[in-house]
Amino acid sequence: MKFKKSQKLYEKGLKNLVGAVNSPVRAFSSVGGNPLFIKKAKGTKITDVDGNEYVDLVLSYGPMILGHRHKKVQKGVDKALKKGYSFGASTEAEIKLAKIVCDAFPGMDKVRFVNSGTEAVLSAVRLARAFTGKDKIIKFSGCYHGHQDSLLVAAGSGLATLSMPGSKGVPEGAVKNTLIANYNDLDSVKAHFKKHKDIAGVIIEPIAGNMGVVIPENNFLVELKAYLETQGALLIADEVMTGFRSKFGGAQELLGVEADITCLGKVIGGGFPVGAYGAREEIMQEVAPLGGMYQAGTLSGNPIAMAGGIATLTELKKQDPYKKFEEIGSIIEVILLETAKKYNVALTVNRFGSMLNPFFVNSEVTNFVEAQLSDTKKFAVFFWEMIKNGVFLPPSQFEAWFLSSALSDKDIKIIAEAVDKAMEKVSK
Ligand code: PLP
């Protein structure tokens, strides 16, 4: 397999782009080598500029749940493009997407569209503060909620990949109201409430995907929500990754929890830049123009992005692929575990529906500390061998793999053969 053209573009890109990428995790820093440059994608496959074709388990870090360029999405977006790109005024498409989203999440009477998951979360945190009149927010170590200042501490995703504890440029004042708790550990949340009286809410990835996949144990979320109610604090579910992916109604539907505020992104734009936050009526009444919490956006509710979201969610509802996700997900999980056993490689696989990833460790992974025990050198070897055998994975131990509803038996065969070669290499 040759990467000559990618290499050339990488060198060219270094001149005017930072590290030749526009998001750090794309930089291959933790697996070595240089990033691949992509030419096109269709269905389950992604093709780089050298013409190498891969089964895509990155899916743009989640959004492409139907696979790439699904014909219904393409049609919806093509139609919207012909009418204009952005108006700075309301369109019917926003109302349509809002209804689909609110119908899927019973805890959401109203939703506000923004342009990214980061924006959704920063607005949700502002809203929690506006509604409760309290300042402090608890986040969990290893959860990533986008790159706004106040939550860029003990974060997963790119920060975990680059082994960075936080970010330069975040002033102390910006994080003084952020408290850190341990995932799957309600006592660590309670300890903060014993110390502080001004906690507005707790933000959580209901199924964590940014320290690798980490699953909430037993009734962790239900118990967390019940406890927060006793404290007058809000549960903010960051479903940017899990919304419409774990289930049509997100992780909340699956786990039987109703958050006070929900953040969405990724799938709801079907590959176009969309984020959203929503809540029940009394909370959303705080948002301008109804209330005093200001939040705005020139391109928010962009008609092309709305068309991408409407087409994606409509098709997703029709396909109802969640049973298929469970089946394919468990097949891939078994492939990983049995192949690891065959080559005597220590491996733990965490999976929730269509999100999964392997950790090169013998012990279970239930939180960030345990996730960090994974042998990332082995992951790097595994990653490159998967690439060489036609499977595109996130270039990081701490990112989830995503499945699309387009995956076929042929794709699974490619994955199985690649896993065999990669595990063999890891074992040497
Ligand atoms: N929240 C979660 C759970 C995410 O996984 C991400 C991104 O991966 C974000 C927020 C930030 O979203 P975006 O990258 O669209 O700003």
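Since the model is a prediction, treat every value here as computed from it, not as a measurement.

Undergrad: Explanation requested: the UniProt feature "modified residue: N6-(pyridoxal phosphate)lysine" (unreviewed entry) in the protein chain in the structure shown.
TA: Taking the UniProt record as the reference, the feature "modified residue: N6-(pyridoxal phosphate)lysine" (unreviewed entry) is found at Lys266. Contacts of Lys266, omitting those with residues within four sequence positions, involve Gly62, Pro63, Gly117, Val240 and Met241.

Undergrad: Help me out: how do you make sense of the site of the ligand in this one?
TA: In the vicinity of the ligand lie 17 residues, with Ser116, Gly117, Thr118, Gly146 and Val240 positioned nearest. With 3 residues, helix H4 (residues 117-132) is the largest single contributor of residues to the shell around the ligand.

Undergrad: So what exactly am I meant to see when it comes to unusual backbone geometry here?
TA: Outside of glycine, negative phi angles account for most residues, and trans bonds account for most peptide bonds. In this structure, the amide linkage connecting Ala288 to the following residue, Pro289, adopts the cis form with an omega of 15°. Relative to the helices and strands, Pro289 resides in the loop between helix H10 (281-284) and helix H11 (303-319). With a phi angle near 65°, Phe28 is a residue other than glycine that sits in the positive phi range. As for its placement among the helices and strands, Phe28 is situated in the loop between helix H1 (4-16) and strand S1 (38-42). Judged by C-beta crowding, with 21 C-beta atoms within 10 Å, Phe28 ranks as buried.

Undergrad: Honestly, the packing of helix H2 (residues 71-81) against H11 in this entry has me stumped. Any pointers?
TA: Axis separation between H2 and H11 bottoms out at 8 Å; the angle between their running directions is 155°. What the angle tells us is that H2 and H11 run roughly antiparallel. The chirality of how H2 crosses H11 is right-handed. Residues Lys72, Val73, Gly76, Val77, Lys79, Ala80 and Leu81 of H2 pack against Pro303, Ile304, Ala307, Gly308, Ile310, Ala311, Thr312 and Glu315 of H11. When the residues that make up the contact of H2 with H11 are grouped by side-chain class, the tally is 9 nonpolar, 3 polar and 3 charged.

Undergrad: What's the story with the confidence of the model for the protein chain in this structure? I'm lost.
TA: Parts of the model with low pLDDT should not have their predicted coordinates read in detail. With 98% of its residues at a pLDDT of 70 or more, the protein chain has an overall mean of 95. The ipTM, which scores confidence in the relative placement of chains, is 0.99 for this predicted complex, and the corresponding pTM is 0.96.

Undergrad: Help me out: how do you make sense of the domain arrangement of the protein chain in this one?
TA: Note on interface size: it is often stated as the accessible area lost on association of the parts. What the domain assignment reports for the protein chain is domain 1 (4-65 + 321-427) and domain 2 (71-319). Computed from C-alpha atoms alone, the centre-to-centre distance between domain 1 and domain 2 is 25 Å. Each partner contributes to the interface: domain 1 provides 31 residues, whereas domain 2 provides 31 residues. Those elements that provide at least two residues to the side of domain 1 that touches domain 2 are strand S11 (348-352), strand S12 (355-359) and helix H13 (368-371). Residue classes in the side of domain 1 that touches domain 2 are distributed as 16 nonpolar, 13 polar and 2 charged.

Undergrad: What exactly am I supposed to notice about the environment of Ser60 here?
TA: By the secondary structure assignment, Ser60 is in the loop between strand S3 (53-56) and H2. Through-space distance from the C-alpha of Ser60 to that of Lys266 is 8.5 Å; in sequence the pair is 206 residues apart.

Undergrad: Explanation requested: the sheet that holds strand S8 (residues 234-238) in the structure shown.
TA: As a general point, the strands of a sheet are linked pairwise by backbone hydrogen bonds and lie either parallel or antiparallel. With mixed pairing, the 7 strands of this open sheet are ordered in space as S4-S10-S9-S8-S7-S5-S6. The open sheet is flanked by strand S4 (110-114) and strand S6 (178-181), the only strands paired with a single partner. Adjacent strand axes in the sheet meet at a mean angle of 20° when their direction is disregarded. Bridging between S8 and strand S9 (residues 261-264) involves 3 bridges; their strand directions are parallel. Counted as the bridge partner of Ala237 is Thr262 from S9.

Undergrad: When you look at the pairing of S4 in this model, what are you seeing that I'm missing?
TA: Successive residues of a regular strand alternate their side chains across the two faces of the sheet. Counting buried residues along S4, 4 of its 5 residues qualify, which places the element largely inside the surrounding structure. Pairing of S4 with strand S10 (residues 275-279) involves 5 bridges; the strand directions are antiparallel. When the bridges of S10 are listed, Val111 appears paired with Gly278.

Undergrad: How should I be thinking about the packing of helix H14 (residues 376-388) against helix H15 (residues 409-427) in this particular structure?
TA: Think of two packed helices as two axes; the pair is described by the angle between the axes and how far apart they sit. Their axes nearest at 8 Å, the elements H14 and H15 cross at an angle of 145°. For the crossing formed where H14 meets H15, the hand is right-handed. Across the interface between the two elements, Lys378, Val381, Phe382, Glu385 and Met386 from H14 touch Ala418, Lys421, Ala422, Lys425 and Val426 from H15. A class-by-class count of the residues in the contact of H14 with H15 yields 6 nonpolar, no polar and 4 charged.

Undergrad: Can you help me understand the environment of Val426 in this one?
TA: Take Val426: it is sitting in helix H15. Val426 gets classed as buried once you count the C-beta atoms within 10 Å, which come to 23. Taking the C-alpha atoms as reference points, Val426 and Lys266, separated by 160 residues in sequence, lie 32 Å from one another. Leaving out residues up to four positions away in the same chain, Val426 has contacts with Val345, Lys378, Val381 and Phe382.

Undergrad: Any chance you could explain the nonpolar core here in plain terms?
TA: The tendency in soluble globular proteins is for nonpolar side chains to be buried as a group. In terms of nonpolar packing, the biggest core is built from 133 residues, with Ala124, Ala128, Val202, Ile236, Ile261 and Ala276 touching the most fellow members. Residues within four places of Ala124 in sequence aside, it is in contact with Ile236, Ile261, Cys263 and Tyr277.

Undergrad: Whenever I open this one, the pairing of S1 confuses me. Can you help?
TA: Here 4 bridges tie S1 to strand S2 (residues 45-48), and the two strands are oriented antiparallel to one another. Opposite Ala41, over in S2, you have Ile46 as the bridge partner. Linking two consecutive strands that pair antiparallel, namely S1 and S2, is a turn of 2 residues; a positive phi of about 60° is found at Gly43 within it.

Undergrad: What should I look at first to understand the sheet that holds strand S14 (residues 401-402) in this one?
TA: Taken in spatial order, the 3 strands line up as S11-S12-S14 in an open sheet, and their pairing is antiparallel. At either end of the open sheet lies a strand with only one pairing partner, and these are S11 and S14. Pairing analysis gives 2 bridges linking S12 to S14, with the strands arranged antiparallel. Paired with Met355 across the bridge in S14 is Phe402. Where helix H12 (residues 322-342) meets the sheet, its contacts fall on S11 and S12, and the angle it forms with S11 comes to roughly 175°.

Cut-offs used in this document
Residues numbered from 1 in each chain as written. Predicted model: local features only at pLDDT ≥ 70, side-chain atom pairs only at ≥ 80, totals over all residues. UniProt positions renumbered as here; feature names shortened; annotations may be inferred. Contact = placed C-beta atoms within 7 Å. Near = placed C-beta within 6 Å. Helix = DSSP H or I, 4+ residues; strand = E, 2+ residues; numbered from the N terminus. Buried ≥ 20, exposed ≤ 12 C-beta atoms within 10 Å, placed from the backbone. Axes fitted to C-alpha atoms, helices over the stretch in contact; angles between N-to-C directions. Parallel < 35°, antiparallel > 145°, perpendicular 65-115°, else oblique. Left-handed = near helix turned anticlockwise from the far one by under 90°. Nonpolar A, V, L, I, M, F, W, Y, C, P; charged D, E, K, R; others polar. pLDDT = per-residue confidence, 0-100. Domains from an automatic or database assignment. Pairing = 2+ DSSP bridges. Core = buried A, V, L, I, M, F, W, Y, C linked by C-beta atoms within 7 Å.

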